[in-house]
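Residue-level structural notes
Here are the chains, one letter per residue:
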6 protein chains.
Amino acid sequence: MILKVKEPIESEWPHLRKGQVVFTYFHFAASEPLTRALIKSGAIAIAYETVQLASGELPLLTPMSEVAGRMAVQEGAKYLEKVFGGSGILLGGVPGVLPAEVLIIGGGVVGANAAKMAAGLGAHVTLLDISLDRLRYLSDVLPANVDLVYSNRHNILDQLRKADLVIGAVLLPGAKAPNLVKRVDLKLMKPGSVIVDVAVDQGGCIETIKPTTHENPTYIVDGIIHYAVANMPGGLPRTSTLALTNATFPYAKRLGKLGWKRACKDDSSLFLGLNVIEGKVVYPGVAEAFGLPLVDPKTLL
Amino acid sequence: MILKVKEPIESEWPHLRKGQVVFTYFHFAASEPLTRALIKSGAIAIAYETVQLASGELPLLTPMSEVAGRMAVQEGAKYLEKVFGGSGILLGGVPGVLPAEVLIIGGGVVGANAAKMAAGLGAHVTLLDISLDRLRYLSDVLPANVDLVYSNRHNILDQLRKADLVIGAVLLPGAKAPNLVKRVDLKLMKPGSVIVDVAVDQGGCIETIKPTTHENPTYIVDGIIHYAVANMPGGLPRTSTLALTNATFPYAKRLGKLGWKRACKDDSSLFLGLNVIEGKVVYPGVAEAFGLPLVDPKTLL
Amino acid sequence: MILKVKEPIESEWPHLRKGQVVFTYFHFAASEPLTRALIKSGAIAIAYETVQLASGELPLLTPMSEVAGRMAVQEGAKYLEKVFGGSGILLGGVPGVLPAEVLIIGGGVVGANAAKMAAGLGAHVTLLDISLDRLRYLSDVLPANVDLVYSNRHNILDQLRKADLVIGAVLLPGAKAPNLVKRVDLKLMKPGSVIVDVAVDQGGCIETIKPTTHENPTYIVDGIIHYAVANMPGGLPRTSTLALTNATFPYAKRLGKLGWKRACKDDSSLFLGLNVIEGKVVYPGVAEAFGLPLVDPKTLL
Amino acid sequence: MILKVKEPIESEWPHLRKGQVVFTYFHFAASEPLTRALIKSGAIAIAYETVQLASGELPLLTPMSEVAGRMAVQEGAKYLEKVFGGSGILLGGVPGVLPAEVLIIGGGVVGANAAKMAAGLGAHVTLLDISLDRLRYLSDVLPANVDLVYSNRHNILDQLRKADLVIGAVLLPGAKAPNLVKRVDLKLMKPGSVIVDVAVDQGGCIETIKPTTHENPTYIVDGIIHYAVANMPGGLPRTSTLALTNATFPYAKRLGKLGWKRACKDDSSLFLGLNVIEGKVVYPGVAEAFGLPLVDPKTLL
Amino acid sequence: MILKVKEPIESEWPHLRKGQVVFTYFHFAASEPLTRALIKSGAIAIAYETVQLASGELPLLTPMSEVAGRMAVQEGAKYLEKVFGGSGILLGGVPGVLPAEVLIIGGGVVGANAAKMAAGLGAHVTLLDISLDRLRYLSDVLPANVDLVYSNRHNILDQLRKADLVIGAVLLPGAKAPNLVKRVDLKLMKPGSVIVDVAVDQGGCIETIKPTTHENPTYIVDGIIHYAVANMPGGLPRTSTLALTNATFPYAKRLGKLGWKRACKDDSSLFLGLNVIEGKVVYPGVAEAFGLPLVDPKTLL
Amino acid sequence: MILKVKEPIESEWPHLRKGQVVFTYFHFAASEPLTRALIKSGAIAIAYETVQLASGELPLLTPMSEVAGRMAVQEGAKYLEKVFGGSGILLGGVPGVLPAEVLIIGGGVVGANAAKMAAGLGAHVTLLDISLDRLRYLSDVLPANVDLVYSNRHNILDQLRKADLVIGAVLLPGAKAPNLVKRVDLKLMKPGSVIVDVAVDQGGCIETIKPTTHENPTYIVDGIIHYAVANMPGGLPRTSTLALTNATFPYAKRLGKLGWKRACKDDSSLFLGLNVIEGKVVYPGVAEAFGLPLVDPKTLL
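Residues numbered from 1 in each chain as written. Chains lettered and ligands numbered in written order. Predicted model: local features only at pLDDT ≥ 70, side-chain atom pairs only at ≥ 80, totals over all residues. Heavy atoms only, no water.

**Some points on the relation of the copies chain D and chain A**
For clarity, the cut-off: Least-squares fitting of one copy onto the other uses the C-alpha atoms of those residues that reach a pLDDT of at least 70 in both copies. We call two residues contacting when some pair of their heavy atoms lies within 4.5 Å.
Once chain D has been moved 0.0 Å along the axis and rotated by 180°, it coincides with chain A to within an RMSD of 0.1 Å. The superposition operator between the copies reduces to a two-fold rotation axis. Among all residues of chain D, the one whose C-alpha sits closest to the rotation axis is Gly120 of chain D, at a distance of 1.8 Å. Interface overlap between copies: 100% of the residues of chain D at the interface are likewise at the interface in chain A, consistent with a symmetric, same-surface contact.

So, in structure tokens, the structure goes:
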């Protein structure tokens with residue numbers, strides 16, 4: 001078996017070979033050519049983004065969420081500068097001057113990592129989540145300058161009014177993030193405030209968000225700076241690559257050692273990563289996206 | 001020499017003897033009978049409250065400020081309860097519910113101790129002071145949930161609007177505390193909020209404050225609960241007595257060992273504690289208060 | 001369906017209507033008139049206090065335990081004052097004077113919240129629990145001035161000897177709290193020490209405890225001040241109400257959206273909250289308390 | 001007296017009037033036209049940048065150092081991104097991946113503030129200074145992820161080898177910062193590392209540094225990104241202006257109340273701020289810069 | 001039933017009686033005479049070391065791991081002294097001098113406890129583990145001077161190069177610890193560095209490790225000091241005995257109350273502790289070790 | 001000028017040359033041969049141990065106090081082990097078992113460093129000092145598990161009763177440490193407790209202390225283990241040498257640059273370091289020790 005653990009770049013597609021196992025991010029639904037190339041090649045495609053634990057966690061996305069959550073704060077801090085249209089406030093203030101207010105919507109991996117960074121810079125942080133159990137755990141481990149508040153429409157609006165930086169950190173596994181901040185809500189915000197929406201890959205939890213790039217990361221709507229780079233961790237590849245490899249390595253090792261059939265039989269998480277097997281689409285989302293026939297992967301193991 | 005280190009209670013006044021040294025709190029200006037009894041006795045009265053370091057610090061009041069600053073927070077927490085007319089907010093909130101806002105006016109010994117306690121209970125604390133150097137030091141040593149803000153009229157009003165608990169902690173050595181919160185300012189505050197004025201012994205830094213007792217500690221003005229017990233540390237005598245003794249003991253030891261004349265000659269702080277010497281008033285404030293002749297203590301050493 | 005989410009006050013009982021769903025605290029076993037009024041009305045009574053997760057946790061009591069645990073420390077601090085008969089010690093001491101010793105019996109929600117507050121005030125805290133796993137977790141997240149000790153009779157007596165404040169925090173879901181501190185043990189304690197028993201609603205874990213009110217919160221037995229307000233969170237309604245609503249809201253939303261039958265079928269926690277359905281008692285404890293026939297709620301869904 | 005507390009913009013120069021007091025940043029030595037306009041106007045120019053305490057501290061520059069020190073870390077974090085040529089490392093790493101190494105040269109106001117921010121983001125920080133007393137104080141108040149190391153050539157080179165981000169924080173009051181990092185030393189550094197030199201206004205402590213602007217903040221030398229915006233706090237005007245006003249206000253108040261003559265007589269710090277008085281240059285540096293006659297300000301008070 | 005909860009010393013073996021229940025550490029596989037004595041006696045032997053939870057945890061070994069993990073750091077600190085051949089570095093350094101590097105291999109109970117201690121002494125700590133979830137939790141609760149790194153051969157070698165103290169903390173329940181540090185790897189280490197292998201009882205995770213005693217705790221290989229006391233907690237019996245009793249007491253109580261048959265039937269963890277029952281070996285490892293017949297314990301309950 | 005910065009070993013004495021400057025530890029009073037060799041050589045001896053700041057601090061001893069204070073805790077932890085006669089308690093305890101009690105007598109450099117380490121290991125620490133100002137500062141910067149108590153005979157005895165480890169940290173510049181723990185006081189202590197007296201070089205603050213060596217560091221009196229190595233930092237030379245060099249380097253640099261005459265004229269601290277100048281004894285203590293004539297160094301500059 002030949003195992004490839006790398007994102008397939010377009011020039012490589014023609015070279016994929018029958019029986020070759022490719023274990024990487026595919027995001028097939030976003031690219032019909034890639035899907036068709038894979039089908040044609042006869043290779044076995046196991047996608048990082050659909051490997052899933054029984055708990056619903058996507059373990060090969062978690063490291064990217066950690067990086068993105070931490071980056072979100074440094075992006076927010078930067079784009080608050082006046083030269084980018086920001087209100088010119090320093091997150092942590094200085095002795096004698098109040099710090100900035102940072103609002104984090106969502107207390108999962110992204111939100112908790114963002115909260116640590118914002119608190120570390122001395123900002124006054126409010127983190128909203130709908131799980132009281134999660135808020136209780138976070139209150140045990142986060143610094144004292146993070147307030148943990150139950151998330152509902154009333155509290156979101158209340159906090160938007162005073163926020164200098166809003167971080168959208170709502171990611172639902174396999175679903176579009178809900179629009180918790182509406183376009184009209186921007187009017188409540190102070191001009192020059194910044195929104196960083198880490199959920200942009202899933203449609204975003206801010207209505208006015210649309211994907212941007214590392215080259216042109218921000219745009220302004222109603223006086224509010226929007227940062228919405230679609231692949232944030234790509235901006236810090238040294239940390240991101242190591243973080244991802246730490247997560248994928250145990251799976252890759254098992255694939256290499258046991259072969260893909262045995263490895264996917266033994267591990268139900270990895271099994272869910274199977275997307276295309278020797279020309280047959282075996283993942284529902286991919287089949288649906290392009291109207292292709294779906295084959296039950298169990299019949300191919 | 002006979003040294004007495006204890007507050008003179010009224011029944012003891014007739015028994016004070018000529019040449020006896022009494023080292024304790026006197027607050028002569030507040031009691032003409034005590035002053036006259038001391039003068040008549042021929043004793044030497046060295047008053048804790050006027051012992052003063054070159055820096056202006058009153059070292060035998062400092063321990064009481066520490067106790068009072070810490071107590072102020074537990075009093076405030078208590079009188080926020082509904083049964084006392086308070087707004088019913090818990091200082092630290094709970095996971096999911098915002099904590100209370102505590103405003104501390106003054107960052108000296110009282111304020112810093114109050115800030116530690118309020119932060120320790122999980123409140124969101126704002127401490128105001130006019131010394132940037134003091135705010136810088138406090139920002140080095142206080143927890144992350146204390147904001148350190150320059151004190152001016154604008155910032156005071158701004159903070160009063162959101163405060164659930166206000167602690168007046170402005171003490172100027174030897175001067176009446178300035179009225180930083182005016183009666184009209186109470187209108188800005190949320191009903192059921194609490195004011196604890198630790199400066200009440202010096203007239204208070206809140207215009208509507210007037211001294212109360214441990215038995216009847218609070219009263220309400222314009223919907224705001226006022227706590228203004230005149231001798232707060234007296235409520236916790238076990239801690240206060242030990243704290244005070246730690247501070248007075250080195251002076252008492254020197255008085256006992258060297259005699260009062262030598263001890264007061266050698267130590268300019270102790271010298272300032274001399275109030276009455278064998279029938280003669282030697283401290284300006286006492287002489288002024290009752291129109292008595294003032295003698296220069298240097299002539300009596 | 002009409003959903004009411006509010007404690008039924010006596011004057012409302014006659015107005016409860018057939019088919020109306022009432023979702024609130026009932027504590028039926030404590031009031032036969034209320035029970036009979038509910039039966040007669042034909043309403044559906046879903047009681048906060050019997051909603052229960054598979055883990056045994058009572059999720060609609062947890063927020064009240066958080067509030068009560070945090071309050072317990074401020075009550076203890078207050079009633080240590082001399083004017084209430086207390087020993088006059090300040091929980092955190094001051095530099096130069098030892099802090100007070102706080103003993104917390106039980107490391108669940110109440111105990112952990114109490115420990116955070118007492119530690120935040122600078123006291124020396126000892127928390128006893130019989131679960132080593134719980135103590136290990138708490139040692140990861142509590143401050144350094146909390147000692148975590150295995151609970152047994154020997155250790156309880158050992159700690160009682162030095163405690164200035166004892167917080168009873170033992171709550172067993174659905175059972176009377178065990179009497180871990182006997183009447184005779186009070187003799188070991190220092191006079192003027194304070195006991196706050198948060199378990200008083202369940203009979204208390206201190207033998208000498210009996211319920212008091214916010215108006216008359218304390219009484220003294222053998223020189224020890226007892227604070228045992230039956231409904232502590234009621235003293236801080238602003239925080240308590242928000243905390244409770246955060247917990248009940250998701251259930252109420254589902255009741256409103258799905259109707260009580262569907263909602264209780266889908267969610268086994270909510271199902272356990274059913275106490276009375278259209279005239280029939282469906283909760284064993286209520287039927288037993290008043291010798292009423294018990295109906296299996298499954299037959300009524 | 002008319003007091004103006006604002007930086008004089010060019011269009012205002014002709015309107016400055018005789019006897020008017022202007023209290024602001026001037027930096028006369030950098031602009032002969034401004035100097036001549038002031039002389040011609042007959043106004044009194046008191047410059048923020050030369051007000052100086054007996055300790056040598058420049059109290060009206062300190063707030064700017066605080067802002068710049070804190071900003072330096074967020075700039076460094078940002079320009080480590082790949083899109084700017086950086087090495088792509090996240091300052092704090094993520095669980096499983098090492099954090100970045102941040103080297104701070106200088107432990108004064110700038111360095112200490114930078115260290116707090118970098119540590120708050122989870123980086124591994126090394127701060128170098130030549131004062132052991134300063135390092136001892138910083139070891140008391142900075143977080144555990146800051147190493148405090150004596151500054152000498154050996155240690156600088158040692159740390160440069162592993163640093164991902166270097167912050168130049170050496171400011172000597174009234175003197176050019178020494179070039180502690182030579183051009184040749186850059187060869188030791190890892191490609192894609194970032195240098196932020198906060199001392200650039202004084203010539204910088206990095207040999208390869210030269211001033212940049214907020215619009216074009218960085219350039220690359222030998223593979224190392226250099227950030228050297230000359231007026232960093234200008235990028236965050238909201239915080240900077242408040243911070244500066246807190247520091248200048250007490251001086252401005254005294255100028256307004258006492259008049260400039262009395263105020264400068266009474267306060268030797270303010271006296272040193274006098275640069276031009278009614279047509280006469282009274283500050284040595286200004287006179288030297290343009291070969292103008294110097295008048296002793298004492299003769300004009 | 002007579003219950004004995006004490007390690008059986010050799011002189012007691014002849015006195016063990018039929019039907020007596022002995023609940024203690026046995027380590028039968030290490031001593032054939034003890035095994036045969038037990039069989040002959042007819043007693044029931046329940047071994048601490050094989051009581052096992054469903055999660056795989058050995059709850060009666062956990063307290064010993066806690067003690068050993070914490071001790072490992074103080075042993076390492078001590079044997080770095082020059083008199084023992086160590087490199088003479090102080091773990092925490094002092095202000096101006098870098099701290100030592102401590103490498104901890106394994107993030108379970110031993111590793112986490114060691115990390116807390118080493119961080120508490122001010123060292124720079126790197127902890128390696130292969131579970132990202134464990135690293136994430138540890139990053140929430142450990143101090144800022146602990147780096148959490150994914151464990152693989154590359155990272156181990158990288159860290160060995162700079163480590164002053166290496167703590168082997170890899171314990172796999174019921175299996176020999178893997179040799180993660182090879183003999184050849186010692187060449188990478190700095191002379192005078194110290195290795196403490198807490199896994200020595202299971203063969204150690206360092207190839208060059210072999211058990212030592214409290215009397216002669218260390219030996220040197222290739223310039224590296226090895227500390228490998230086989231029963232570390234035995235050196236601190238006061239803490240260890242209390243810690244162990246806390247864990248065993250609930251089991252002993254149930255054995256005493258219910259009798260061994262009922263207690264082992266009710267509790268599957270305790271059931272796994274059964275090693276010898278009235279002359280019959282019922283634990284596979286013991287039977288295998290000496291070629292004795294194995295009886296299914298279920299047939300004897 | 002030839003500058004030597006190294007402790008003069010006996011074999012070098014004959015080689016010391018006239019006019020050579022030797023800057024190092026001498027401790028002349030302890031060695032008449034060394035003194036006479038220096039006199040004979042005609043060299044200039046500047047002794048680290050008598051360089052003294054205006055504040056009384058001995059800046060070239062401070063780094064050694066830092067190392068010794070930190071080491072004191074690891075020595076104490078080690079010798080509490082049973083194999084050395086200790087009580088077998090682990091300083092930090094484990095979850096479920098109380099930590100040890102550490103008593104530190106003296107809150108200067110030694111005591112503060114010891115307190116940080118003991119607190120870092122999780123012990124319960126009590127630090128005694130007679131300066132309230134010092135206790136107040138330490139309460140700002142030390143962890144929560146350090147109690148700061150005023151030092152007097154009553155408190156010392158009280159704490160000795162419960163201490164598992166006592167650290168003597170009383171150093172008075174230029175004077176014998178007072179015997180704060182008398183021989184008879186040892187009876188109050190628990191058997192197997194440990195005393196580490198860092199003041200042993202100055203006679204010790206424990207009556208029963210006498211100097212030991214790194215090879216034989218401890219002895220037992222009345223069941224109490226005494227650790228009293230005379231030159232503790234010598235056990236960790238790597239850290240100690242760097243720490244010392246950081247402190248001496250600026251002086252050595254000035255000596256080298258300016259020559260000893262100018263350097264000693266300019267710097268009154270260094271001036272006090274002059275002990276022998278070209279055959280003449282210029283330091284009172286040395287002259288007194290051996291009945292040698294004393295010359296005023298000012299006459300020789």
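**A word on helix α3 (residues 109-120) of chain F**
One full turn of an α-helix is made of 3.6 residues, so residues set three or four places apart face in the same direction. Residue and element names in this part refer to chain F. Test applied: Here a helix means four or more residues in a row that DSSP labels H or I, a strand means two or more in a row labelled E, and each is numbered from the N terminus. What a helix should span is 1.5 Å times the count of its residues minus one. Relative accessibility under 20% of the residue-type maximum defines a buried residue, over 50% an exposed one, and the middle range a partly exposed one, all with a 1.4 Å probe and only protein chains included.
For α3, built from 12 residues, the straight-helix expectation of 16 Å at 1.5 Å per residue is met to within 8% by its first-to-last C-alpha distance of 17 Å. Counting buried positions over the 12 residues of α3 gives 11, a clear majority of the element. Of all the residues in α3, the buried ones are Val110, Gly111, Ala112, Asn113, Ala114, Ala115, Lys116, Met117, Ala118, Ala119 and Gly120. Backbone geometry just after α3 places Gly122 at a positive phi near 90°.

**A short note on the relation of the copies chain C and chain A**
Laying chain C over chain A is done by rotating through 120° and shifting 0.0 Å along the axis; what remains is an RMSD of 0.1 Å. Expressed as an axis order, the relation between the two copies is that of a three-fold axis. Taking C-alpha positions as the reference, the residue of chain C nearest the rotation axis is Val141 of chain C, at 3.7 Å. The residues that chain C uses at the interface reappear at the interface of chain A in only 18% of cases, marking distinct surfaces.

**Structural notes on the interface of chain C and chain A**
Rules: Note on definitions: buried area is the accessible-area loss of two parts on being combined, 1.4 Å probe, summed for both. Between Lys or Arg on one side and Asp or Glu on the other, a salt bridge is scored when a side-chain nitrogen of the former is within 4 Å of a carboxyl oxygen of the latter. We call two N or O atoms a polar contact when they sit within 3.5 Å, provided that within protein one can donate a hydrogen and the other can accept it, with sequence-adjacent residues counted only if both atoms are side-chain atoms.
Taken together, the 11 residues of chain C in the interface contact 7 residues of chain A. Regarding the contact of chain C and chain A, the summed buried area is about 780 Å², with carbon and sulfur atoms giving 45% of it. Ranking the residues of chain C by area buried against chain A places Lys116, Tyr137 and Asn246 of chain C at the top, with a combined share of 49%. Along the contact surface separating chain C from chain A lie 2 salt bridges. Asp140 of chain A serves as the salt-bridge partner of Lys116 of chain C, at 2.6 Å between the closest nitrogen and oxygen. For the pair chain C and chain A, the number of links is 3 residue pairs in polar contact (both at pLDDT 80 or more). When contributions to the side of chain C that touches chain A are tallied by element, the ones reaching two or more residues are α2 (62-79), α4 (132-141) and α6 (237-266) of chain C. With 4 residues, α6 of chain C is the single largest residue contributor to the side of chain C that touches chain A.

**Re the interface of chain D and chain A**
Often, the extent of an interface is quoted as the loss of accessible area on bringing the components together. At the junction of the two partners, chain D supplies 39 residues and chain A supplies 39 residues. Together, the buried faces of chain D and chain A total about 3,500 Å²; carbon and sulfur atoms form 59% of this surface. Among the residues chain D hides against chain A, the three largest losses belong to Gln74, Leu90 and Arg238 of chain D. Together they make up 17% of the total. Applying the counting rule to chain D against chain A returns 4 salt bridges. Of the charged contacts, one joins Arg238 of chain D and Asp164 of chain A as a salt bridge, the two residues approaching to 3.4 Å between their closest N and O atoms. Joining chain D to chain A, the criterion identifies 22 residue pairs in polar contact (both at pLDDT 80 or more). Top contributing element to the side of chain D that touches chain A by residue count: helix α2 (residues 62-79) of chain D, with 9 residues.

**Considerations on the sheet that holds strand β6 (residues 146-150) of chain C**
Two strands in a sheet stick together by hydrogen bonds in their backbones, pointing the same way (parallel) or opposite ways (antiparallel). All names here are of chain C. Keep this limit in mind: For two strands to be treated as a pair, DSSP must find no fewer than two bridges joining them. Lines are fitted to the C-alpha atoms to define the axes, a helix being fitted only along its stretch in contact, and any angle between axes, read from their N-to-C directions, falls within 0 to 180 degrees.
Read from one edge to the other, the open sheet built from 7 strands follows the order β6-β5-β4-β7-β8-β10-β9, with strand pairing classed as mixed. Of all strands in the sheet, those bounded by a partner on one side alone are β6 and β9 (218-221). Across the sheet, the axes of successive neighbouring strands diverge by a mean angle of 20°, strand direction being ignored. Sheet topology places strand β7 (residues 165-168) next to strand β8 (residues 194-197); 4 bridges connect them, and they run parallel. In the sheet register, Leu165 faces β8, and the bridge partner there is Val194.

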